[in-house]
Each structure stands twice: as structure tokens, then as C-alpha cells.
Amino acid sequence: MQSTYLKIDRNNIDKSAVEKAAQCIKDGGLVCFPTETVYGLGANGLSPDAVASIFAAKGRPQDNPLILHLADVAALESVARDIPQSAYALFERFAPGPLTLVLKRADAVPPAVSAGLDTVAVRIPSHPTAHAIIAAAGVPVAAPSANLSGKPSPTAFWHVRDELSGRADIIIDGGECDVGVESTVLSLVGERAILLRPGGITKEQIEEVIGQIDVSSAVYQKFDGTAAAPGMKYRHYAPRASLCVVVGEDDAVIRAINSKEKSRSGVLCFEGESSRFEGFEAVITYGKKGDFASQAHMLFDALRRFDELDLDRIYARADENRGVGLAVYNRLTKAAGFDIEEV
Ligand code: TXA
Ligand code: MG
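Small disclaimer: the values here were computed from a predicted structure and weren't measured. Here the residue numbers are simple positions, counted from 1 along each chain's written sequence. Here the convention is simple: chains get letters from A, ligands get numbers from 1, in the order in which they are written. The model is predicted, so local features are restricted to residues of pLDDT at least 70 and side-chain atom pairs to those at 80 or more, both for listing and for counting; the totals for chains, interfaces and linings are taken over all residues. Only hydrogens and water are set aside; all other atoms, that is, all heavy atoms of the structure, feed into the side-chain values.

Caption draft 1: Layout of the pattern of salt bridges. Every case where a carboxyl oxygen of Asp or Glu lies within 4 Å of a side-chain nitrogen of Lys or Arg is listed as a salt bridge. The final tally for this structure, using the stated rule, is 23 salt bridges. For Asp178, the salt bridge goes to Arg10, with nearest N and O atoms at 3.3 Å. Here Asp178, found in the loop between β9 (170–173) and β10 (184–187), pairs with Arg10, found in the loop between β1 (4–7) and α1 (15–26); they are 168 residues apart in sequence, far enough to count as distant. Across the pair Asp250 and Arg317 runs a salt bridge whose closest N-O atoms are separated by 3.2 Å. Taken as a pair, Asp250 in helix α8 (residues 250–258) and Arg317 in strand β16 (residues 313–317) lie far apart in primary sequence, 67 residues in all. The rule is simple: take the accessible area with a 1.4 Å probe, protein chains only, and divide by the maximum for that residue type; under 20% is buried, over 50% is exposed, in between is partly exposed. Given the relative accessible area of 26%, Asp250 is considered partly exposed. A network of salt bridges, in which partner residues are shared, links Asp250, Glu273, Lys289 and Arg317. Under the DSSP-based scheme used, a helix requires at least four consecutive residues in state H or I and a strand at least two consecutive residues in state E, with every element numbered from the N terminus.

Structure representation (C-alpha cells):
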């Protein structure tokens, strides 16, 4: 298949390009589009064939369910049932935006979307281009991140083009994604709400609306066989070189990294501290220390840039795991396969 590229400026949306993308989805095709978190690979979420083609294009394991993207809260009742009050309260506060809720699946949603589970994940993106396409398609849009399975999520057009050209009918160039890490996933189907994946809407923000929530153990450690988000068991975001996250007091961490074998090794650190690492083959930064939003925005791009180099080992600096910092820490330690060295 030959992919068509369409450029859409979020501040001046080209209606005919949106119409082409929406028509493609209605016809059962695959469209890569930007969201406020990462790029998505979207298809008609009510068509089992279209959903199957998403799994095929990404090489995604069949047991990892997809998120349905809706244009507005009004569409919620067509895809979920027995919706708790907490879902409305959370969407009232955070939709449109980077929050995905896991609810009970309505019969209208093909089981393939949810990999056979009786639940369904839904979110309402705030990116104007994503919103326009979903609204024009007039169906819930099933969309995982637009990367090959096992690669970091794409946060810029070139990430998608390099990986999915020839695998999607349309690839939209919408520039860079703001948040840079995938949406927060919160399950509301059990007795207590469980944070399955931290993201741009923080645990602290959610707790302001619905009170204390639990955090899945898979957020902090390797999958132990019990995590509720099937996606958490896969080694995501893995760069080609092995990654080790070194944590501790700043000066001690920098000293510890500088004492490592430097040949064929690189360092992932914060802006302004590159010059403190000597002799490594590459030093790449991801945002400013203490500024979790800038780290989230740049992390996946930094991991992809390491993949362009021929290295065996990467040593990474990490910040605190609170607020959006929890999402950054989670993606970084997952990329490292939870290889964390404390100094
Ligand atoms: O920001 C995002 O969420 C992006 C953009 C494109 O919207 N999408 C995204 O999709 O990250 P994906 O497929 O890469 O990740 C979806 C995550 C996976 O970890 C999956 O296991 C989990 O959500 N998930 C989906 N449906 C679920 C369900 N019914 N129950 C539990 N977890 C679910
Ligand atoms: Mg993904």
C-alpha cells in the first residue's frame, strides 16, 4: 500500500483534508493522526475488519486491547454500559484531554477492540485535528499509538512516517504532540478505581475529583502476572541499546555514570548538565530537571535519537516520580526493563 501524506495545521484546519481522513475511516481504512499525547493509528472502532487491520499494521499482540476515541461525552453511552457517576465527574473535569477510562463494554463494540475483554477503554482527545477527524468520521475511532509494536510511541510526524509508511492509508503531518507520553489509563470497573498507566492527567488531579485511587503494581515494577492493563506486560519503548536508569542524589548519580565504561555508551540527561558527562559517545537531553512536562514532551524523541546511533548501553538520569513525573519515570524505567541502579 502507498500511504498518502496530508499536512493539517491545528490552528487553521483544512476541512477537505479532514474529510478525506474521515472518509477513509468510514471506508474501513487506516489513518495516522496527531493527538495531544502521541500520534494514533486509527480505524473504525465498530468494524471488526478495520480493527483487525490495526493489529496487523502494528504487529500488535492480539491480547492487547485498543482505546476508542470519541468526539464528545455524549458518545459515551453508545460504547459503554453501567457507566458510574465517577466517569462523568472525571470527563466533566478532564475531557477533552489525555484521560482514558476503562468501563464496561457495550454490545455494539466488537470484542476485538477489547481483545475479548468485557471492558472498553475510551478517551476524548483535545487535539483539534484529532477531534475534527473523529467528529467527521461519525464513529468511535479505535487507535493505538502509531508505532510498530515494541517501539516508543511517536510524538512527531517523522517518527510515524519512518515506521508506518506503506502500512496506513493516510498519514497526517500535524507537527509535534504537546504532552509527549500516552494518556493516563484509569479503570473504573472494579470496586476501587485503579491507575493502570500514568499520563498527562495526574493521580493527584484524579484524586481531587473522586478521592483516593489505587495504582497498579505494573506502574512501578516488572509485570508480575496480575496487572490489569494487558499492555503493561510488554516491554515497550525499548531503545536498541540496553538502558540503565541511575537514581540518587544529583552529584552522586553524575559521578556514578562518569565511572562507567564509556566506549559504545551514551547518556540521557537533563538540559544544562551535558558538559558534566565526559568521554561518552553521545549525550542527549530530555527536558529540564524539575520540569516534568518538558521531560514528557521530549522523552520518546530522545529514545528514538539514540536508536539512530550504534551504541550498546545508555545511562539515564531520572527525576521525581510525582505528578506528570510519574508518567515520565514509568516510561523511562519500562524502557530500561526496570534496570534501576541506586547510588
Ligand atoms: O494517548 C493515548 O492513549 C494514545 C493516543 C493515540 O490516544 N493511545 C495509546 O494506545 O497509547 P495504546 O494502544 O498504545 O495503549 C493503550 C493502553 C494499553 O496499555 C492497553 O493495554 C490499555 O490501554 N487498555 C486498552 N483497553 C483496555 C481495557 N479494556 N482494559 C485495560 N486496559 C486497556
Ligand atoms: Mg502503544
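Caption draft 2: Here's a closer look at α1. An expected span of 1.5 Å times one less than the residue number is assigned to each helix. For α1, spanning 12 residues, the distance from its first C-alpha to its last is 16 Å, which sits close to the expected 16 Å at 1.5 Å a residue. Regarding α1, the residues found buried are Ala17, Val18, Ala21, Ala22, Cys24 and Ile25. Taken down its axis, α1 places every buried residue within 155 degrees of arc, on the same side. N or O atoms within 3.5 Å of each other form a polar contact, as long as, within protein, one can give a hydrogen and the other can take it, and as long as residues adjacent in sequence are counted only when both atoms are side-chain atoms. Capping of α1 at its N-terminal end is provided by Asp14; its side-chain oxygen lies 3.0 Å from the backbone amide nitrogen of Ser16. Following α1 by one or two positions, Gly28 has its phi on the positive side, about 95 degrees. An arc is given here, and it is the one of the directions from the helix axis to the C-beta atoms.

Caption draft 3: Just the packing of aromatic side chains, in detail. To pair, rings of Phe, Tyr and Trp, with the six-membered ring standing in for Trp, must have centres within 6.5 Å; the planes then decide the type, stacked if under 30 degrees apart, edge-to-face if over 60, and tilted in the middle. Counted under the stated rule, the structure contains 2 aromatic pairs. Measuring from ring centre to ring centre gives 5.8 Å for Tyr5 and Phe157, while their planes differ by 90 degrees; the resulting arrangement is edge-to-face. Of this pair, Tyr5 sits in strand β1 while Phe157 sits in helix α6 (residues 157–164), placing them 152 residues apart in sequence. Judged by its relative accessible area of 14%, Phe157 falls in the buried class. Ring centres 5.1 Å apart and planes at 35 degrees place the aromatic pair Phe270 and Tyr286 in the tilted group. Here Tyr286 lies in the loop between β15 (282–285) and α9 (292–307) and Phe270 lies in the loop between β14 (265–269) and β15, a separation of 16 residues in the sequence. The class for Phe270 is buried, based on a relative accessible area of 0%. We classify Tyr286 as buried; its relative accessible area is 0%.

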